[in-house]
Amino acid sequence: MSQTLENKNLRNIAIIAHVDHGKTTLVDGLFRQSGLFRSDQKVEERLMDTMELEKERGITIAAKNCSVKWKDVRINIIDTPGHADFGGEVERALSMADGAILLVDASEGPLPQTRFVLKKALDAQLKIIVVINKIDRKDARPYEVLDEIYDLLIDLGANDEQLEFPLLYAVGRDGIAQKTLEEKGENLHVLLDTILLEIPGPSHTDDAPFQMLVSDLGYSDYMGRLAVGKIFNGAAHSRDSLVCLGENGKTMDLKVSKLQTYDGITLKDASEVNAGDIVVLAGIENVEIGDTICNREAPRALPRISVDKPTVSMKFVINDSPLGGTEGKYVQLSRIRERLLKETLLNVSIEVEENGTQEGILVKGRGEFQLAILVETMRREGFEFSVGRPEVIFRQENGKKTEPIEKLMVDCEEQFMGLVTEKLSLRKGRMTNLVNNGMGRVNIEFSVPTRSLIGYRDEFLTDTRGTGIMNALFDGYELFRGDCPSRFTGSIVADRSGRAVPYALFNLEPRGRLLITPGELVYEGMIIGEHNRSQDIDVNATKEKKLTNMRASGKDDNVLLSPIKPMTLEQTISFIREDELVEVTPLSIRMRKAVLSGQKRHLLRSAKIKKQTEKK
């Protein structure tokens, strides 16, 4: 008779935290104190942030694995992203875990992204350890934060067992954890001991055949495609002949060419792997995330990893501007398509849709930030292309149009509350909760359409003078709330090619905010500024001052231009309108009209006005 056993020599835990709550720093402390490094060894900070973009932004974008050894037990740590836009990473990371550490800032408390990942962990019935971090902050409020954590767990439908969580306090930066606020911690040993005591070892059926769920993919120049995942049952050896069960039950034979397990942040070869292990397996090419690798004699599929559907789409097209192809290494649509399809193999929440023509490729994702990170990554790899404005994906339910809705949490000073509320109500937002703690700041909760938030973040920071905090969380689909303005200003568009001249730019400054500096190359249809009024304006940015041989009575005025703050990729993507594109190259980010010719744009505008008049 089959028995359910537990692997006592192993623990698989995920770390859940909002952006900037100290997750990666805490993992650094666990590395150092578990004996992974020598005491005199120089170690880089934030080891788990392996991507260049992660180090720059201080956020986790891709879920990653590592392990530490404590009291002869191997603890596999799964680092999950803290941003809801990378939710696909969260879902597949949690499929490998048996427990989770919920890390919460002692001042900020649980924020929307904490809620998103925690909901997934509770649905997976994972055992939770709560760690209130940064208790050394001057504005720390650990008791109130603990109450907020209980409220959040109850709100998410946690059962009695999940509400009886072990609680620790920490200063992750200093590598300290303690059981109470009064005691003075010296190290993270109490956290490591709590993991061994509270998190169960991975369970498996003693006589079940080998089963491994593929949760991640990798690639090696020497071994080809790599499948990463947790073994749910059985054991496997190097050179074993297995079978991969794909979607819709299709099978592929494979021979294991190499097995590896995590040792710290590196991989080590293994001749045998057992139930509960998180392994990297080489020997199959056409594997996908969610597939099951199992014995040929008894092939049984595990439940596939399910991810929430994309809510935002963006069009990728070739860069056909006059400056196109001068700065990028890969400019052909076929190369762009190939790179995007490769991304879908590694990221389950990205979808690529193409119409078989040269018009472009539609990429769907979980949010504008996720798509912006993809664009920035491709740009750094040498790709050159243009992208359109992010657009939400509408659905038809019972014959009615529905749209994605976000739960928006705003933390701002009391004096800005009226302005923020007014701006969000114009964007079809509805206030659902307001908390004023009497300390000068307010917490407001809104229900806002996803499309209304595209491009709002910069406006929000301006309105709150940089002191506001805004976090959004996908809250399902609701009936379409009607049209709302996306941008109240027009674009200042260059009407000819050449180099921008200081004299011309100086005379254009009263028209709006300029986005280019003197000496920059411009072309017809390129957006060089933001117009004060709602309509677009075509201007000559290359116009020089007419010189005469007559001596002036006084010396000419020096041209002094206002300083220009370059727009980031995210700002340009959220700034453009439906008829505009962002030109992305390894060296530059420019904005332009989709139709470059001013004459053609005028004809299209006239035709649109005529059509609207006929409808009325």
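Look up a bit, the structure's there.
Residues numbered from 1 in each chain as written. Predicted model: local features only at pLDDT ≥ 70, side-chain atom pairs only at ≥ 80, totals over all residues. Heavy atoms only, no water.

S.K.: Break down the overall build of the protein chain for me, citing the residues and quoting the values.
M.R.: Assigned secondary structure in the protein chain consists of 15 helices and 37 strands. Residue burial in the protein chain is summarised as follows: out of 616 residues, 53% are buried. Roughly 30100 Å² of accessible area belongs to the protein chain as shown, and the carbon and sulfur atoms make up 48% of that amount. (Helix = DSSP H or I, 4+ residues; strand = E, 2+ residues; numbered from the N terminus. Buried < 20%, exposed > 50% of the residue type's maximum accessible area, 1.4 Å probe, protein only. Areas by Shrake-Rupley, 256 points an atom, 1.4 Å probe, with all protein chains shown as cover.)

S.K.: Describe the packing of aromatic side chains, and please don't skip the residues or the numbers.
M.R.: The final tally for this structure, using the stated rule, is 5 aromatic pairs. For the pair Tyr330 and Phe383, a centre-to-centre distance of 4.9 Å together with 45° between the ring planes defines the contact as tilted. One end of the pair, Tyr330, is in the loop between β20 (312-317) and α8 (333-346); the other, Phe383, is in the loop between α9 (368-380) and β23 (385-387), and 53 residues separate them in sequence. We note that Tyr330, like Phe383, is buried. With 5.6 Å between their ring centres and 80° between their planes, Phe394 and Phe480 make a pair best called edge-to-face. Linking Phe394 in the loop between β24 (391-392) and β25 (395-397) with Phe480 in the loop between β29 (469-479) and β30 (490-494), this pair joins segments that are 86 residues apart in sequence. For Phe394, a relative accessible area of 35% corresponds to the partly exposed category. (Phe/Tyr/Trp six-rings, centres within 6.5 Å; stacked < 30°, edge-to-face > 60°.)

S.K.: Outline the pattern of salt bridges, listing residues and values.
M.R.: In this structure the tally under the stated criterion is 33 salt bridges. As a salt-bridge pair, Glu459 and Lys423 come within 3.1 Å of each other at their nearest N and O atoms. With Glu459 in helix α12 (residues 456-463) and Lys423 in helix α10 (residues 417-426), the pair connects residues that are 36 residues apart, well separated along the chain. Salt-bridge contacts for Arg590 lead to Glu583; the nearest nitrogen and oxygen are separated by 2.7 Å. Side by side, Arg590 and Glu583 carry an identical accessibility label, which is buried. Overlapping salt bridges bring together Asp536, Arg577, Asp579, Glu580 and Lys593 as one network. (Salt bridge = Lys/Arg side-chain N within 4 Å of Asp/Glu carboxyl O.)

S.K.: Tell me what's going on with unusual backbone geometry, and back it up with residues and numbers.
M.R.: The backbone of Asp72 sits at a positive phi, close to 65°, despite the residue not being glycine. Of note, Asp72 is situated in the loop between β3 (64-70) and β4 (73-79). Asp72 sits in the exposed class, given a relative accessible area of 65%. One non-glycine residue, Arg465, lies in the positive phi region at around 55°. Relative to the elements of secondary structure, Arg465 occurs in the loop between α12 and β29.

S.K.: Run through the nonpolar core, naming residues and quoting values.
M.R.: Counting 40 residues, the largest nonpolar core has Leu102, Leu118, Ile128, Ile132, Ile149 and Leu153 as its most contacted members. Discounting chain neighbours no more than four positions away, the residues touching Ile149 are Leu102, Val104, Pro110, Val130, Ile132 and Phe165. Leu374, Phe383, Val387 and Val584 belong to the second-largest nonpolar core, a separate cluster that totals 28 residues. (Core = buried A, V, L, I, M, F, W, Y, C linked by side-chain atoms within 4.5 Å. Contact = heavy atoms within 4.5 Å.)

S.K.: Which residues make up the packing of α10 against α12, and what values do they have?
M.R.: Contact pair α10 / α12: the axes reach a minimum separation of 10 Å and the direction vectors enclose 155°. The angle between α10 and α12 falls in the class roughly antiparallel. For the crossing formed where α10 meets α12, the hand is right-handed. Packed against α10, whose contacting residues are Leu419, Val420, Lys423 and Leu424, the element α12 presents Tyr456, Glu459, Phe460 and Asp463 at the interface. Taken together, the residues of the contact of α10 with α12 sort by class into 5 nonpolar, no polar and 3 charged. (Axes fitted to C-alpha atoms, helices over the stretch in contact; angles between N-to-C directions. Parallel < 35°, antiparallel > 145°, perpendicular 65-115°, else oblique. Left-handed = near helix turned anticlockwise from the far one by under 90°. Nonpolar A, V, L, I, M, F, W, Y, C, P; charged D, E, K, R; others polar.)

The values are spatial; any link to function lies outside them.
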